[in-house]
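Coordinate inspection notes
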Amino acid sequence: MPKKAKEETEWVDTDVAPGAEKTVKKGKKDKKGKKSFFEELSTNSKPEQVEVAAGKDNQTKQTQKKKERRKGKGAGAAKNDDEDVMLTLKNLSVQASDDEDEPDIIPSEKNRKKTGNIFAALSQEQSDNEQDLNDDDDDDDEPTIKKGKGKAAMQRPTMEDNKDEEEEDGEGSDNMMQSAEDVIAQQAKEAADDPLTNLSKKEKKKIKKQMEYERQVASVRAQNALEGDFSVSQAEMSSRQAMLENASDIKLEKFSISAHGKELFVNADLLIVAGRRYGLVGPNGKGKTTLLKHIANRALSIPPNIDVLLCEQEVVADDTPAVQAVLKADTRRLKLLEEEKMLQARLEKGEDSVAQRLDKVYEELRVIGAAAAEAKARRILAGLSFTPEMQNRPTKRFSGGWRMRVSLARALFMEPTLLMLDEPTNHLDLNAVIWLNNYLQSWKKTLLIVSHDQSFLDDVCTDIIHLDNQKLYYYRGNYLTFKKMYVQKQKELQKQYEKQEKKLKELKAGGKSTKQAEKQTKEALTRKQQKGKKKGAQEEESQDATELLKRPKEYTVKFTFPNPPPLSPPILGLHSVDFGYESQKPLFKNVDFGIDMDSRICIVGPNGVGKSTLLLLLTGKLNPIKGEMRKNHRLKVGFFNQQYADQLNMEETATEYLMRKFNLPYQDSRKCLGRFGLESHAHTIQISKLSGGQKARVVFSELACHQPDVLVLDEPTNNLDIESIDALSEAINEYKGAVIIVSHDARLITETQCQLWVVEDRTVNQIEGDFDDYKREVLESLGETMVNKVNP
């Protein structure tokens, strides 16, 4: 650089503000020995103009960047009118003036390399627009100067100055601009990775405070909307999600739900794709039902165009017939029918003007299939085991279980965009489960099911959502496919855990303390998890990676029944038995039925035909009107009643109950409870405070203590999770005594290889064929066609 320029630069160092100093040095370095616009201006101007020149130099370089980009695009861009030019210039000038009042206008050189800020972005935009203006405004000879409060002033260079600057810079300027383009591209990439990259620390802090405030507001709103002590939080909706707010899919990122102070979901993601049928699975008490309720109440951000229905409440008990209760669910159809009736009355009075509107109403009714609505409602009710007489019966004459079926029929009739079913098979008999299973396989809209019936999940679901460790994990395929993939995943986690423990052991053997070894292992784990991740996601992932891997917990349940001594057949039977409840039609007439020690029998049939009554006759709890029940004098019968809560003393603990009934020592009583998967802390809690599944385990423990020769089980799978049902199936297969089951769980029936006996026409008969043959027979009797299962 010439000596004169050097002297002028040194003079500037003594008087110019720090921001201007940085600008001078950058100009000196980038122009590679040639006089820059700023240097020329500093040699020809008075000292008090240096501050203006520094701003002009900064602005000119941004203008040159714009010229470089314009050269690449070609010279065919359209020019703005003079009036639009002046209006744009005025608006930009006002914006720049406002932003210049911010305390952090010009960041340090170090920070500028890492991030920009909003003011710099605005200056770039202002310069770009002004370059367009300068192409048309050759008469503007004097630059316009704006000064901030104690900051470097902004200046818009004229067209003439730009031409002089371009001629002086030559190739050195081109090289400098190429380097600047690379920097801009890098900053743009970083900005795309992290939306907060181009913000100053103050602005980032402000945005974070706003996000935290909005999360708190969302939490309070959700808590007020829901009954019970729940709190909900959800990550801020991204701009892309906001644009897709009317989409048919549901995508919720990083939501958390806690109940009564217990965290159920922590930074979990929910993804529901339209038209898929999802099964939500996981251990009892982990939040499956809670999630469905939060979706139904829209405590989470569900797109407004998706109508959601959770079938959880039974219909109101009143004089409305069951079929009408279902039809009334379609309010649009009712309104159109009322309007049709009104328009027809007006037309009959001679008002021809309503004819056009009446035609439109007819068309709308035709589109929604109003004429076939009642037939559809009756088909659904028939599938759920309602006879024609029951369909016309007032809802107040039904029990709670049957009113729940009416509620399920309403949900199926309405066909919402997202239908959620929580344990839909609990209130159904086997025939109704077979029909519902078949009906939902043809469901065209989105479905989310919580169920303990593995056969139901296998047939209906196209995807499985697994709730584990307060997160949701997604698997394509039915439950059987998920189970295989999950087992493989657990094996891989076990290998990773063992590798981690081996590494820790080696570090400790090498002289590292336990704390140092764990820290080094955590750092290695963090690097591994962040590998291949985007920069914007690394901070979030690193928080999860600070913990060492824990030993994978395998949820296993083991049921065992003691094997009985051999008994000579026949051990139990009914001979020429008639039975009926008082003032009701007889249920059985001339029934002959017997079992031996090798029997595996499942009693099937629709609700109300007398399946449970047959079990009560076999166990001697009911006496026949005619005929007799015969049994071996040494026979001990273990009976599991679906109303098992009635036989438990709710004031006692589970341990005390077994100790009193069987005179067991304390430890033996707890050991028996543990064999049926009852957690140790539940052994000493009052039975009244136990969940339904825990109470069922107490009853199974009692059965085992009886050491029965015959197991008679009436709906034993109610309130048991899938793992417990699997354990029950294995226990029955290992058991050497006789087993009689009434169940709506198809998998329990098929896994235990039970013979099917159907209750019909006031008698009991064995079915020829297997369970699939029975399913086909049930569907044919309802006029349905069996769907061939295909999981897309």
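Residues numbered from 1 in each chain as written. Predicted model: local features only at pLDDT ≥ 70, side-chain atom pairs only at ≥ 80, totals over all residues. Heavy atoms only, no water.

A cluster of like positive charges, contributed by Lys262, Lys286, Lys550 and Lys553, occupies part of the molecular surface. Relative to the assigned elements, Lys286 resides in the loop between β6 (277-281) and α11 (288-296). On the accessibility criterion, Lys286 (42% relative accessible area) is partly exposed. (Patch = residues over 30% accessible without salt bridge, like charges linked within 9 Å, V, L, I, M, F, W, Y side chains within 5 Å. Areas by Shrake-Rupley, 256 points an atom, 1.4 Å probe, with all protein chains shown as cover. Salt bridge = Lys/Arg side-chain N within 4 Å of Asp/Glu carboxyl O. Lys, Arg positive; Asp, Glu negative; His and termini not counted. Charge placed at Lys NZ, Arg CZ, Asp CG, Glu CD. Helix = DSSP H or I, 4+ residues; strand = E, 2+ residues; numbered from the N terminus. Buried < 20%, exposed > 50% of the residue type's maximum accessible area, 1.4 Å probe, protein only.)

Another aspect to go through is the sheet that holds strand β12 (residues 572-579). The strands making up a sheet are joined through hydrogen bonds of the backbone, oriented either antiparallel or parallel. In spatial order, the strands read β13-β12-β15; together these three strands make up an open sheet with antiparallel pairing. Edge positions in the sheet fall to β13 (588-595) and β15 (626-631), since each of these pairs with one other strand and no more. Strand-to-strand twist in this sheet, taken as the mean axis angle between neighbours without regard to direction, amounts to 10 degrees. Both β12 and β13 contribute to a ladder of five bridges, which runs antiparallel. Across the sheet, Val577 pairs through a bridge with Val591, a residue of β13. In this fold helix α23 (residues 611-618) packs onto β12, β13 and β15, with an angle of close to 120 degrees to the strand it touches most, β12. (Pairing = 2+ DSSP bridges. Axes fitted to C-alpha atoms, helices over the stretch in contact; angles between N-to-C directions. Contact = heavy atoms within 4.5 Å.)

Time to look at the confidence of the model for the protein chain. Confidence along the protein chain averages 75 in pLDDT terms, with 68% of residues attaining 70 or more. Scored below 50 in pLDDT, residues 1-33 makes 36 contacts in the model with residues more than four places away or belonging to other chains. Considering only residues more than four positions removed or in separate chains, one finds that residues 92-178, a stretch of pLDDT under 50, has 149 contacts. (pLDDT = per-residue confidence, 0-100.)

Burial analysis of strand β8 (residues 418-422) places four of its five residues in the buried class, the great majority of the element. For strand β7 (residues 308-311) and β8, the ladder comprises four bridges, and the chain directions are parallel. From the neighbouring strand, Leu310 faces β8, where its bridge partner is Met420. As judged from the five bridges shared by β8 and strand β9 (residues 446-450), these two strands associate in the parallel manner. Opposite Leu421, over in β9, you have Ile449 as the bridge partner.

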